[in-house]
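# Inside the fold
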Amino acid sequence: MHAKQKTGASCNLTAMISSIRKELEEGITVDMYFFTNSIISAGNDIYGPIVIHSLTTPPGSTHFECPVVARVFPGSLSESNAVSVVQWYPHDTGIFTTSSADQTLKIWDTNELKVVERFSFSKPLYTHSMAAAESHCLVAVGGSECKVVLCDLQSGSSTHILRGHRKPVMSLAWSPLNQNLLASGSQDNRIFLWDVRRATGPLACLDQHNGGGASGSAAVVTAHSGYVNGLCFTSDGLFLCSFGTDHRVHVWDAFTCRNTLINYGKVFNSLSHQMSGLCISSHSQTLSPLICVPTGSDVIMLEMLSGKKLRTLKGHYGKVTSCVLNPYTEELYSAGNDANVLAWSPEVRPPNRKPSSSRSVATASAPSTSASLSVGASSSSASRGSAQAGRMNVYEDAWSSEED
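Residues numbered from 1 in each chain as written. Predicted model: local features only at pLDDT ≥ 70, side-chain atom pairs only at ≥ 80, totals over all residues. Heavy atoms only, no water.

### Thoughts on the pattern of salt bridges
Under the defined criterion, the tally for this structure stands at five salt bridges. Note that aspartate 102 and lysine 106 form a salt bridge whose closest N and O atoms lie 2.5 Å from each other. Neither aspartate 102 nor lysine 106 differs from the other in exposure class; each is buried. The closest approach of N and O atoms between aspartate 195 and arginine 197, which form a salt bridge, is 2.9 Å. A residue is classified by how much of its surface remains accessible, and aspartate 195, at 13% relative accessible area, is buried. The exposure class assigned to arginine 197 is exposed, which follows from its relative accessible area of 60%. (Salt bridge = Lys/Arg side-chain N within 4 Å of Asp/Glu carboxyl O. Buried < 20%, exposed > 50% of the residue type's maximum accessible area, 1.4 Å probe, protein only.)

Right under this line is the structure:
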């Protein structure tokens, strides 16, 4: 993976993930394991291999090459093998998982680059999500079967099925606060909250109108006026963010199950038939959590508590399909169907210094005073460690600016 200068965009560096991928409509999906600084991507097209890159960079580097740690093709070159979602095992990089249009959930051994377990389904899969829990090793799987299937990695079997959706399931998210709480979004415009210890029915069905919508026996409670293809909990598990093909972003109180009714405006959703990989920054890393939403060829950053639009990150030449945020360094990684993975690094400034008009790349030794964004990692391993210890005690919100 190379980082090189790019023109005609608001970013400085572009991280090319692979030169053999073709630009097809489906794009690529990405996930990152932060403790080993490893990123994994999978092509959502017939040529797309699974690629693992190391993101360790030399101190102070702005132009760098990210070495390929491993590469493997998930199957034969056919549309039925297109990978929908790739995800690291939450506790280490020894295992990763993929779900795909070939109707299978595959468990991979990273060292051997071989499939060690396979769960087969009767229809193509849209998404899956692995719980970062200590009490169980469940993987929730959603697809065209209009139900959520829970697969147990310990027993190698499907434990039980969560029924309730009337159309295909497109998005899933586990709560980081309650390891038994699962959220699911579907093409039936609904979001269900489940306690996976009981399969009798959902705990709640989220209502975008908080009970103030249409009444009557024929009324159906919906979370969006379109498909729900994006779900993400905040790091503390107190809020759930959803994104729909009605081009709306909603934030829900995870305890009351009510819509906070914060107005984020219209956010174009260009991924009508696949999961949209949005992410939310941590409370401890910014003054207010930021929602990063793929929209067209850009990524929009929204302030969660106010609805204010802070940034539009431009750099991709095709639809952005997925993004993931490093909670320790605040680096954002976005993937799109232009076969690129872009690494966005925020520039930080001391609290009493005014932002300059320059647009330079932030480095670990001399942070830039501007509020611009740079693409590519720019901090050394040592500086990243110090940032984890308490960056916000020294610097202001890294993504926002007084210029806005």
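### Quick word on the packing of aromatic side chains
Within this structure, the stated rule accounts for three aromatic pairs. Between tryptophan 88 and phenylalanine 96 the ring centres are 6.1 Å apart and the planes differ by 80 degrees, which places this aromatic pair in the edge-to-face class. The class for phenylalanine 96 is buried, based on a relative accessible area of 0%. Measuring from centroid to centroid gives 5.6 Å for phenylalanine 96 and tryptophan 108, while their planes differ by 10 degrees, and the two rings are stacked. Residue phenylalanine 96 is located in strand S8 (residues 95-100), and its partner tryptophan 108 is located in strand S9 (residues 104-109); the two are separated by twelve residues in the primary sequence. The burial state of phenylalanine 96 is the same as that of tryptophan 108; both residues are buried. An aromatic cluster is built from Trp88, Phe96 and Trp108, whose rings are joined through pairwise contacts. (Phe/Tyr/Trp six-rings, centres within 6.5 Å; stacked < 30°, edge-to-face > 60°. Helix = DSSP H or I, 4+ residues; strand = E, 2+ residues; numbered from the N terminus.)

### A word on a nonpolar patch on the surface
On the surface, Leu177, Leu238 and Phe255 cluster together to form a nonpolar patch covering roughly 310 Å² of accessible area. Here phenylalanine 255 is to be found in the loop between strand S21 (249-253) and strand S22 (279-280). (Patch = residues over 30% accessible without salt bridge, like charges linked within 9 Å, V, L, I, M, F, W, Y side chains within 5 Å. Areas by Shrake-Rupley, 256 points an atom, 1.4 Å probe, with all protein chains shown as cover.)

### Regarding the sheet that holds strand S25 (residues 309-314)
What the four strands build is an open sheet, ordered S22-S23-S24-S25; its pairing is antiparallel. Of all strands in the sheet, those bounded by a partner on one side alone are S22 and S25. Both strand S24 (residues 298-303) and S25 contribute to a ladder of five bridges, which runs antiparallel. Bridging across to S25, methionine 301 finds its partner in arginine 311. (Pairing = 2+ DSSP bridges.)

### Focus: the sheet that holds strand S11 (residues 125-130)
With antiparallel pairing, four strands are arranged side by side in an open sheet as S11-S12-S13-S14. Of all strands in the sheet, those bounded by a partner on one side alone are S11 and strand S14 (157-163). Neighbour-to-neighbour, the strand axes of the sheet open up by a mean angle of 25 degrees, direction not taken into account. One ladder, built from five bridges, connects S11 with strand S12 (residues 138-143); its direction is antiparallel. (Axes fitted to C-alpha atoms, helices over the stretch in contact; angles between N-to-C directions.)

### Some words on the nonpolar core
Formed by 15 residues in total, the largest nonpolar core has its most connected members in Val249, Ile291 and Leu302. Those elements giving two or more residues to this core turn out to be strand S20 (239-244), S21, strand S23 (290-295) and S24. If you tally residues by element for this core, the top one is S20, at three residues. Those residues in contact with isoleucine 291 that sit more than four places away from it in its chain are Cys241, Val249, Val251, Tyr264, Leu278, Cys279, Ile280, Ile300, Met301, Leu302 and Met304. (Core = buried A, V, L, I, M, F, W, Y, C linked by side-chain atoms within 4.5 Å. Contact = heavy atoms within 4.5 Å.)

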